[in-house]
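Breakdown of the fold
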Amino acid sequence: MSKIHAVVLAAGQGTRMKSKLYKVLHPVCGKPMVQHVVDTLDAMRVEDVVVVVGHGADAVRAALGDRVAYALQQEQLGTAHAVQQAVPFLQGKQGTTFILYGDVPLLSSETLTALLQYHEQQQAAATVLTAKLPDPTGYGRMIRNEAGEVMRIVEHKDASPEERAIREINTGIYCFDNQKLLKSLSQVKNDNAQGEYYVTDCVGILREAGEKVVAYEAVDPEETMGVNDRVQLSEAEAYMRRRIAVRHMKNGVTIIDPASTYIDADVTIGQDTVILPGTHLRGRTSIGADCVIGPQANLTDVQVGDGVEISYSVLTESQVADKATIGPFAYVRPGSEIGTHVKIGDFVELKNAKIGKGTKVPHLSYVGDAEIGEGVNIGCGTITVNYDGAVKHKTIVGDGSFIGCNTNLVAPVTVGRNAYVAAGSTINQNVPDDALAIARERQVNKLGYANKLPRKQVKKD
Ligand code: UD1
Ligand code: CA
C-alpha cells in the first residue's frame, strides 16, 4: 500500500465571511472548520498532514497545535500557489497526496476513504471528488469530453454560459499521485479571471500530458459543501448538528427533539441517557449512561457520571458524579466537583466548590471557593462570604454537619464534622467538631407592645 500525505489549504482570509475571525477558524458545532478537516484525516491512514497557513497563521497554529506540520503562504496567490508552499514536505516522496480545503468541514472519513480506494483502484494520476448540485453557482465545474472522461476544471468566474449550466462541480477534494502533482504544479499559470494560480488547473495539465484523470462522485453531496459566507455556515451547522444527533441516537441515546438540541462534535453520551429539548452540550462535555439531561440544560466542558439528572441549569468546566441531581435553575461555575447522590437545587450557585457525597444544597445558596464534606445539609439561603474586596477565601464544612437556613459563612472559616450552625448565624470563627454555633442576636419579646404601635385600622364587618 502506498503512503498517504495530505495538504490542507487554510491560508485565505475568507472575505465573504465579513469577519475579524479567519474563515477556517469559524466554528461548526463548536469546533473550528479546519479542525474538523484535520480530525477527519486523523481517522485515516495518513502519514503526514501539512496545513498551509497565511491569514491568521498564528491563530490557526494555536487552534491545531503540533499534531500537523505547517507551511506559510505569505501572499494568497491562489490554491495552486498554496499547495506549492507545501512542496518542501512532499518533495522526494512517493505515494498519494490528498488535497483538501479548510472550509469544507462536513466531509466524512468514509467519503475520503471511498475516494482514496477509487483512486488506487483506477491507478489514476488525479481523482477529483465531485458532486452534482441543484445550484452549482460559485463552484468549479467538471468539464468532460464526449466519452465522459474528465478533461479539466473550469472556475465559475472563467466559465462560459454553457459551462455554467453543468451541475457536476469540483468539491475541492482530490487525490493526486504525489510526484505527478509536483510536476503539474510547476506548470500552473495565472491567466484567468482572478489572476490566481488555480490548483484545479493541475487536473487539465495532467490530462493534456496523457495522464489518467478521473472523478469520484460523492454519495452525499451536502457533505462536500464549502463554507464561504455566514449563510453557508448556518447550513453547515444544521447539517452537522443533525449528523451528530443521529450518531448518538444510533448509539442508544434518546434525543426527544434533535432540532432543538445542540450537541458539539466531540461530546460523548452514554447509553439510555435521555436528552430533552433546548439542551446545549458544548466543548469537551461527556455524559454517562442513564442520565436525564434537560430540558434547557447548558453544559460546557462538563464531565457527568451515570444516572444524573440536570434540568434548566447552566454548568461550566466542572464534574458531576453518579446519581446527582441538579436544578431546576442551578448555576455551576468552573472548578466545581459535585459528588455522588448530591442534590443541587433551585437558585443555587456554585463556584470552585467541592461538594461531598450525599450532601444537599437544595435552595437559594451561594457556595464559592468551598470544600463541603459528605452528608452535609446546607440550609436555604446559605452564603459563603468568600471575597473581602481583595482576595477570595476558602470555606470548609466537615462531614455530617448541618448549616441552618440563612447562614453567612465568612471565609476563611472551617466548620468541623457533625457540627450544627443555627439558622440566621453569621459565622466568622471556626466551629469545632460536634459543636452547635449560634451567632445571632437573642430574641426579645415585649408583651402587648404591638398594640401601642401606630397601625392602620382594619375594618371589621
Ligand atoms: C475552490 C475551487 C473550486 C471548488 C471550490 C469548492 C480553486 C481555484 N477553486 O473555489 O473549483 O469548486 O473550492 O469549495 O481551487 N486558499 C489558500 N490560499 C490561497 C487561496 C485559497 O490557502 O491563495 C484556501 C482558502 O483558505 C480555502 C481554500 O483554499 O480554505 C479554497 O479557497 P476559496 O477561495 O474558498 O476557493 P473557492 O472560490 O471556494
Ligand atoms: Ca471555498
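Let's shift gears to the overall build of the protein. What the protein contains, in helices and strands, is nine helices and 37 strands. A compact globule built from 461 residues would reach a C-alpha radius of gyration of about 23 Å, whereas the protein, at 31 Å, exceeds it by more than 25%. Principal-axis analysis of the C-alpha atoms gives the protein an extent of 110 × 60 × 40 Å. Of all 461 residues assigned to the protein, the portion counted as buried reaches 49%. A fraction of 40% describes how many contacts in the protein between residues 6 or more apart in sequence connect residues 24 or more apart. Total accessible area on the protein is roughly 22300 Å²; 49% of this is exposed by carbon and sulfur atoms.

What the domain assignment reports for the protein is domain 1 (4–224) and domain 2 (252–437). Relative to domain 2, the C-alpha centre of domain 1 lies at a distance of 48 Å. With four residues of domain 1 at the contact, the number on the domain 2 side is four residues. Both sides of the domain 1 and domain 2 interface together cover about 300 Å² of buried area, and 44% of this is carbon and sulfur. Considering only the surface of domain 1 that becomes buried against domain 2, C29, G30 and K31 emerge as the three largest contributors, covering 84% of it. Taken together, the links from domain 1 to domain 2 amount to one salt bridge. As a salt-bridge pair, D266 and K31 come within 3.1 Å of each other at their nearest N and O atoms.

About the criteria used
Residues numbered from 1 in each chain as written. Chains lettered and ligands numbered in written order. Predicted model: local features only at pLDDT ≥ 70, side-chain atom pairs only at ≥ 80, totals over all residues. Heavy atoms only, no water. Helix = DSSP H or I, 4+ residues; strand = E, 2+ residues; numbered from the N terminus. Rg over C-alpha atoms; globule rule 2.2 N^0.38 Å. Buried < 20%, exposed > 50% of the residue type's maximum accessible area, 1.4 Å probe, protein only. Contact = heavy atoms within 4.5 Å. Areas by Shrake-Rupley, 256 points an atom, 1.4 Å probe, with all protein chains shown as cover. Domains from an automatic or database assignment. Buried area = accessible area lost by both parts, 1.4 Å probe. Salt bridge = Lys/Arg side-chain N within 4 Å of Asp/Glu carboxyl O.

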